[in-house]
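Examining the three-dimensional arrangement
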Amino acid sequence: MTDAFYLIENYQITKEKRERKGGDAMSARTELELLPKFTAELEAIRENGITTELLYKIIQKHQPNALYNQSLYNRYMAINGGVPIYKREPRFEEKHPINNKLNNDFFSEIVDFKTGYFAGQPISYGYSKNQEAKEVTGGEEGVDLATKTVTDFTTRNNMYGVDMENTKLAAIYGYSGRLFYIDTDGNERVMPIHGYETIILSDTSISEPEYAIRYYKTTDINNAEIWIVEFYDNHDIYTYRGTLLSLTLVSVKPHMFDYCPLQGIANNKECLGDAEKVLTLIDDYDKIVSDNSNELEAFVHAYMIFENLNIDDETIEKGQKSGSFVFRSTGTQQGKAYFLTKNINDSFTQNHLSRLEDNIYRFSKTPNLGDETFGSASGISLKFKLHGLETKCGMYEAQMMNAAQYMWKLLASAWSKKNITVDPLQVTMDFVRNFPLDTMTEAQTVQALINAGVPKEIAYTQLSFIDDVDYVMELIEEAKSNMPLYANFDKNNDEEETDGEENDDEKKEGEEDEVKDKEKEKEEEK
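Residues numbered from 1 in each chain as written. Predicted model: local features only at pLDDT ≥ 70, side-chain atom pairs only at ≥ 80, totals over all residues. Heavy atoms only, no water.

**Thoughts on the environment of Y76**
Selection criterion: Secondary structure elements follow DSSP: runs of H or I of four or more residues count as helices, runs of E of two or more count as strands, with numbering from the N terminus. Partly exposed describes any residue whose relative accessible area lies between the buried limit of under 20% and the exposed limit of over 50%, with all areas from a 1.4 Å probe on protein chains only and scaled to the type maximum. Definition of a polar contact: a pair of N or O atoms within 3.5 Å, with one able to donate and the other able to accept a hydrogen when the atoms are protein atoms, and with sequence-neighbouring residues admitted only if both atoms are side-chain atoms.
As for its position among the elements, Y76 is in helix α3 (residues 52–77). A relative accessible area of 16% means that Y76 is categorised as buried. Residues Y76 and E109, 33 residues apart in the sequence, show an inter-C-alpha distance of 9.3 Å. Within the structure, the side chain of Y76 is placed 2.7 Å from the side chain of D112, a separation counted as a polar contact.

Here you go:
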């Protein structure tokens with residue numbers, strides 16, 4: 001109970017500290033808020049199994065990271081309080097203070113651009129059909145069954161949507177979760193899980209879990225808050241319910257896999273989000289734009305100066321309604337009324353905003369589509385502009401491949417119980433970037449290379465949509481060998497040409513014989 005109380009107390013203290021930090025600008029992660037290692041806890045579970053006290057300690061250790069990740073997700077959703085500028089207080093205490101809070105949403109643009117570029121084109125899942133695949137899967141029939149099984153799984157679960165959601169969550173705060181389960185029809189299913197609800201216990205990486213925990217808050221029928229904690233090992237699901245002060249084990253059920261069914265997918269090795277390094281730049285941009293908006297609005301309600309004039313509040317209110325003032329001069333001095341304005345150096349402000357914007361895109365490795373040179377860039381130049389984004393996506397693709405190896409191993413263990421053999425090493429994945437291709441230029445380049453004498457095997461490598469040139473060459477040869485219609489057409493043409501030549505010879509011989517007969521008849525008449 002002491003550990004549990006300390007957990008809740010620490011949870012509230014950490015949350016309050018984070019909210020105070022985010023009052024004006026969002027600070028970078030502290031070392032405590034990085035994804036922690038659970039080496040000691042992992043050893044304890046191996047020795048003694050899971051206990052409620054050990055669950056408290058693991059969740060407590062994970063919560064600083066979870067709280068920061070949740071704050072980033074709230075910022076992505078732009079909910080009230082999720083963006084630091086929304087928490088801004090007026091500088092001065094006034095009856096009607098001017099306090100604009102303008103959110104320039106670079107954060108979600110960075111996340112969505114990467115998500116659309118990487119996962120906008122569906123990942124192509126398949127099963128190898130080479131000789132090795134046939135040997136390990138059980139012949140051609142086994143390969144066909146494995147192919148159908150993989151295709152059914154990706155179609156049933158809409159892996160396009162699952163992959164896109166995992167990419168988005170990982171881009172927001174550094175990693176996401178992926179939970180596998182068996183539905184009521186006995187089919188293998190998968191769903192994306194928030195990273196701040198997911199704890200992976202592993203000696204290697206979060207993609208290869210030995211144990212895993214999912215904990216989340218919900219409400220019961222009386223609208224009372226309740227926590228659900230699920231612990232996964234290689235065989236069972238341990239479900240706890242209650243509050244974080246008091247959890248009760250309510251069920252232990254098998255999950256029907258041979259490995260832990262909850263894995264993580266990292267955005268990069270450090271498990272950091274794509275926009276985390278430019279948060280202070282974005283907050284400064286929001287602050288400056290909001291200040292400028294305040295200044296503009298203040299000009300609309302500019303101060304009016306009444307010089308050498310006696311005027312009361314009632315007269316001012318009438319003037320605001322009618323748009324004019326009527327007053328008399330007070331003595332010998334000439335009275336006047338005018339607005340008090342101030343000059344703003346808008347060039348300095350605009351230059352500062354432009355510098356901030358350039359740095360936001362540069363350090364987040366996100367292309368600025370508003371750049372004038374972006375629209376007129378050629379194919380090669382465009383690829384150079386996307387080099388930073390491509391590097392970032394390459395890191396995530398490596399993590400996705402690592403997670404996929406474990407995913408297919410996990411699913412294969414369930415399929416084997418149905419007498420379906422699927423070798424995880426024979427499952428293929430093709431990643432295609434959502435990039436506008438200039439296929440016309442590429443085709444012209446390839447044709448020019450072939451005309452210049454370059455072998456087709458080398459020329460075809462210039463086509464960006466071809467990954468396996470050898471496979472393409474095999475298809476070309478196979479297509480040539482499977483053209484009986486054209487072969488017969490050529491053969492018939494040859495036969496017709498031969499028959500034509502024979503007919504011409506016969507016709508010629510007939511004409512010669514006819515001439516000889518006529519000459520013979522003339523001689524006889526003589």
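So much for the structure itself; the text now carries on.
**Concerning the packing of α3 against helix α4 (residues 106–119)**
Threshold: Helix axes are fitted only over the stretch in contact, all axes being lines through C-alpha atoms; the angle between N-to-C directions runs from 0 to 180 degrees. Oblique is the label for every angle not falling under 35 degrees (roughly parallel), over 145 degrees (roughly antiparallel), or within 65 to 115 degrees (roughly perpendicular). Two residues qualify as a contact provided that any one of their heavy atoms is within 4.5 Å of a heavy atom in the partner residue. Here the term charged refers only to Asp, Glu, Lys and Arg, the term nonpolar to Ala, Val, Leu, Ile, Met, Phe, Trp, Tyr, Cys and Pro, and the term polar to all other amino acids, Gly among them.
Axis separation between α3 and α4 bottoms out at 8 Å; the angle between their running directions is 95°. On the basis of their axis angle, the class for α3 and α4 is roughly perpendicular. On α4, the residues touching L72, R75 and Y76 of α3 are F107, S108, V111 and D112. Here the residues of the contact of α3 with α4 sort into four nonpolar, one polar and two charged.

**Looking at the sheet that holds strand β6 (residues 225–232)**
Neighbouring strands of a sheet are bound in pairs by backbone hydrogen bonds; such pairs are parallel or else antiparallel. Filter applied, for reference: We call two strands paired when DSSP finds no fewer than two bridges between them.
Judged by pairing direction, the sheet is antiparallel, and its five strands sit side by side in the order β4-β5-β6-β7-β8 without closing on themselves. The outermost strands of the open sheet, each flanked by one partner alone, are β4 (198–201) and β8 (246–254). With direction set aside, neighbouring strand axes in the sheet form an average angle of 20°. Here strand β7 (residues 236–243) runs beside β8; their pairing, made up of eight bridges, is antiparallel. Bridged to G242 within β8 is L247. Lying on the sheet, helix α2 (residues 39–48) is in contact with β4, β5 (211–219) and β6; it crosses β5 at an angle near 100°. Here α3 sits on the sheet and contacts β4, β5, β6, β7 and β8; the angle it forms with β5, its principal contact strand, is near 75°.

**What about α4?**
This is how the line gets drawn: In this scheme, a helix's expected span is set at 1.5 Å multiplied by one less than its residue total.
Helix length check: α4 (14 residues) gives 20 Å between terminal C-alpha atoms against 20 Å at 1.5 Å per residue, within 8%. Counted residue by residue, α4 has eleven buried out of 14 residues, so it is predominantly covered. Looking at α4, one finds that the buried residues are F106, F107, S108, I110, V111, F113, K114, T115, Y117, F118 and A119.

**Topic: the packing of α4 against helix α10 (residues 346–363)**
Rule in force here: Crossing handedness follows the turn of the near helix against the far one: under a right angle anticlockwise gives a left-handed crossing, and clockwise gives a right-handed one.
As a packed pair, α4 and α10 sit with axes 11 Å apart at the nearest point and diverge in direction by 30°. For the element pair α4 / α10, the angle class is roughly parallel. When the axes of α4 and α10 are compared, the crossing they make is right-handed. Contacts between α4 and α10 involve F106, E109 and I110 on the former and, on the latter, E357, I360 and Y361. Grouping the amino acids of the contact of α4 with α10 by side-chain chemistry returns four nonpolar, no polar and two charged.

**Details of the side chain of N99**
Structurally, N99 can be placed in the loop between α3 and α4. In this structure, N99 is in contact with R88, E89, P90 and N294, ignoring residues within four places of it in sequence.

**Describing the confidence of the model for the protein chain**
Spelled out, the test is: Each residue carries a pLDDT score, the predictor's own confidence in it, on a scale running from 0 to 100.
Summing up the model confidence of the protein chain, the mean pLDDT is 84 and the portion of residues at 70 or higher is 82%. Low confidence marks residues 1–8, where pLDDT is under 50. Its contacts with residues over four positions away, or in another chain, come to 17 contacts.

**Considering the environment of F431**
Mapped onto the elements of the fold, F431 is located in the loop between β12 (427–430) and α14 (439–451). For F431, a relative accessible area of 16% gives the class buried. In this structure the C-alpha to C-alpha distance between F431 and F118, which are 313 residues apart in sequence, comes to 8.1 Å. Residues within four places of F431 in sequence aside, it is in contact with F118, I123, E397, M400 and M401.

**Description of the pairing of β12**
Of the two faces of β12, the one holding V427 and M429 is buried and the one holding T428 and D430 is not buried anywhere. Two elements, strand β1 (residues 124–127) and β12, share four bridges in a ladder whose sense is antiparallel. Across the sheet, Y125 pairs through a bridge with M429, a residue of β12.

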